[in-house]
Amino acid sequence: MEKNHNVSRRQFLTYALLGTGGFMAAGLIMPMVRFGVDPILQADAEGDMIDVAGVDELTDIPQAFDMEYEQDHGWHVETVQETVWIYLNGDEIVALSPICTHLGCTVNWGTDPDNPEQFFCPCHFGRFERDGTNVPGTPPTEPLHRYDHEVRDGRVLLGNPSPQV
Amino acid sequence: MLQRIYDWIDDRIDVTPLWRDVADHEVPEHVNPGYHFSAFVYCFGGLTFFTVVIQILSGMFLTMYYVPDIVNAHASVEYLQTDVAFGMIVRGMHHWGASVVIVMVFLHTLRVFFTGSYKKPREINWVVGVLLFFIILGLGFTGYLLPWDMKAYFATQVGLEIAESVPVVGDLISNLLAGGEFIGAQTLTRFFAIHVFFLPGALLGLIAIHFIMIRKQGISGPL
Ligand code: FES
């Protein structure tokens, strides 16, 4: 009988069986896991610019405009309605998302009688300045998100909202 | 590292005897294809179980995208098949696996029959096996409708007509299965529930009984 096998026959068989079995199991499981996690690996759809308002409708005071776009749910396409606060800051168009940066309620302009010149969130009394900056001492921790915009033929087109900081 | 994790757990709940009892027992020579090649026929039961496991796993993943609703069912199947990564493979596993399970069950049954393994004391296991066979056919039948395409619709139509041909209670059975007088939204949700909850539940229970009995009684002797 030969001596000094580094790997015994039994060990070799165990490794071979575990290896083959592991390979087969991985071949089965891998596609299923990739299938299951597909949503987090899908590239975010780059939305088109959406026509929201006419430039001549804008004023110094933030106004709520409706924004309508199609959302793709995979096998179902839905029309989503959102509001967006738009105003003129001198010549500059400012479009703010109404989604409170605290926990996601919807803010309104000037509905807090004590602070008529601010955005107000009724959920936990969060407040934002006119430019979207969160008022310190209220729950929100970052400014309202701001939409990319573009003016074409006197119409305001909005892209995606992004954080201001 | 792994060894230490294993030891830590084993120290506390003593798992070694548990898995040894399940996995580490000898198989008689006459069923080992290593000794007699023709003994591969004894693998059919294990292969059936293996394909059933694949069916359960792939089915679980398919429900992440599938909707049992007449408006969206077909669209969701199309989406998961064509747009989701590996969708064709995962649905393919479930689709082809369904046929493989039935073939394997059939081969397993033939082997049990021709080796006389159903004889005393294993008659109960034969009966459980036949029930398992019916449940697997039921899974095939209810699963066929779910993609909600033409083939699915007419196959179910035929199945329901067969159910209706049962004397006296035929209409009742067919209405109960379809959830009404015609194949529609209620049929789809019913078939879905039967396919993913009722039948798999029964299947797992019966498989457990099937396996416990084979461990209790052992594999029947050589021919
Ligand atoms: S969600 Fe707006 S303050 Fe909490």
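All values reported here derive from a predicted model rather than from experimental measurement.

If you walk through the whole model with that rule in mind, you get seven salt bridges over all chains. A salt bridge links Glu150 of chain A to Arg152 of chain A; its shortest N-O distance comes to 2.5 Å. Among the salt bridges present, the one from Asp21 of chain B reaches Arg215 of chain B, with a minimum N-O distance of 3.7 Å. You can see Asp21 of chain B sitting in helix α2 (residues 16-23) and its partner Arg215 of chain B sitting in helix α9 (residues 185-217), a full 194 residues away along the chain. Arg215 of chain B gets classed as partly exposed once you look at its relative accessible area, which sits at 39%. The network of salt bridges with common partners includes Asp51, Glu57 and Arg155 of chain A.

Right, let's talk about the state of the cysteines for a bit. Residue and element names in this part refer to chain A. Scanning the entire structure with this criterion turns up one disulfide over all chains. Here Cys105 pairs with Cys123 through a disulfide, and the sulfurs are 1.9 Å apart. Between Cys105 and Cys123 the sulfur-sulfur dihedral comes to about -95°; the bridge is accordingly left-handed. Separated by 18 residues along the polypeptide, Cys105 in the loop between β4 (92-96) and β5 (108-109) and Cys123 in the loop between β6 (119-121) and β7 (126-128) bring together distant segments of the chain. Cys123 gets classed as partly exposed once you look at its relative accessible area, which sits at 36%.

At the junction of the two partners, chain B supplies 22 residues and chain A supplies 15 residues. Taken over both partners, the interface formed by chain B and chain A buries close to 1600 Å², and the fraction arising from carbon and sulfur atoms is 80%. Joining chain B to chain A, the criterion identifies zero salt bridges. The interface formed by chain B and chain A contains two residue pairs in polar contact (both at pLDDT 80 or more). Counting only elements with at least two residues in the side of chain B that touches chain A, the list comes to α3 (44-62), α4 (73-82) and α5 (87-114) of chain B. Ranked by residues supplied to the side of chain B that touches chain A, first place goes to α3 of chain B with six residues. For the side of chain B that touches chain A, the class distribution of residues is 17 nonpolar, four polar and one charged.

Attention shifts here to helix α1 (residues 2-13) of chain B. Residue and element names in this part refer to chain B. With twelve residues, α1 should reach 16 Å at 1.5 Å per residue; the first-to-last C-alpha distance of 16 Å fits that figure. Among the twelve residues that make up α1, one are buried, leaving the element largely open to the surroundings. Among the residues trailing α1, Asp14 stands out with phi positive, at a value near 55°.

Here we come to the layout of surface pockets. Residue and element names in this part refer to chain B. Put simply, the largest pocket is a space of about 1600 Å³. Around the largest pocket, the lining comprises 44 residues; the ones closest to its centre are Gly45, Gly46, His108, Phe211 and Ile214. The set of elements that each furnish at least two residues to the lining of the largest pocket consists of α2, α3, α5, α6 (123-145) and α9. Estimates place the volume of the second largest pocket at around 1000 Å³. Taken together, the elements giving at least two residues each to the lining of the second largest pocket come down to α3, α4, α5, α6, α7 (150-164) and α9.

Before going further, it helps to examine the nonpolar core. All names here are of chain A. In terms of nonpolar packing, the biggest core is built from 14 residues, with Val52, Leu58, Phe65, Met67, Val84, Ile86 and Leu158 touching the most fellow members. Mapped onto this core, the elements with two or more residues apiece are β1 (50-54), β2 (63-72), β3 (77-89), β4 and β9 (155-162). Not counting residues within four places of it along the chain, the set of residues in contact with Ile86 comprises Val52, Leu58, Ile61, Pro62, Gln63, Phe65, Ile93, Val94, Ala95 and Leu158.

Turning next to the domain arrangement of chain A. You can read the domains of chain A as domain 1 (1-42) and domain 2 (50-163). Relative placement of domain 1 of chain A and domain 2 of chain A: their C-alpha centres are 53 Å apart.

Turning next to α5 of chain B. Between the first and last C-alpha of α5 of chain B there are 40 Å, a value that for 28 residues agrees with the 40 Å anticipated at 1.5 Å per step. The largest bend in α5 of chain B amounts to roughly 30° and is located at Gly97 of chain B. The secondary structure elements touched by the buried residues of α5 of chain B are α1 (9-36) of chain A together with α3, α4, α6 and α9 of chain B.

Criteria and thresholds
Residues numbered from 1 in each chain as written. Chains lettered and ligands numbered in written order. Predicted model: local features only at pLDDT ≥ 70, side-chain atom pairs only at ≥ 80, totals over all residues. Heavy atoms only, no water. Salt bridge = Lys/Arg side-chain N within 4 Å of Asp/Glu carboxyl O. Helix = DSSP H or I, 4+ residues; strand = E, 2+ residues; numbered from the N terminus. Buried < 20%, exposed > 50% of the residue type's maximum accessible area, 1.4 Å probe, protein only. Disulfide = S-S within 2.5 Å. Contact = heavy atoms within 4.5 Å. Buried area = accessible area lost by both parts, 1.4 Å probe. Polar contact = N/O pair within 3.5 Å; in protein donor to acceptor, adjacent residues only side chain to side chain. Nonpolar A, V, L, I, M, F, W, Y, C, P; charged D, E, K, R; others polar. Expected span 1.5 Å × (residues − 1). 1 Å grid on protein atoms, 1.4 Å probe; cavity = no way out; pocket = protein on both sides within 12 Å on 5 of 7 lines; lining within 4 Å. Points joined across faces, edges and corners; volume = space filled by probe spheres on them. Core = buried A, V, L, I, M, F, W, Y, C linked by side-chain atoms within 4.5 Å. Domains from an automatic or database assignment. Bend = angle between axes of the 7 residues up to and from the residue.

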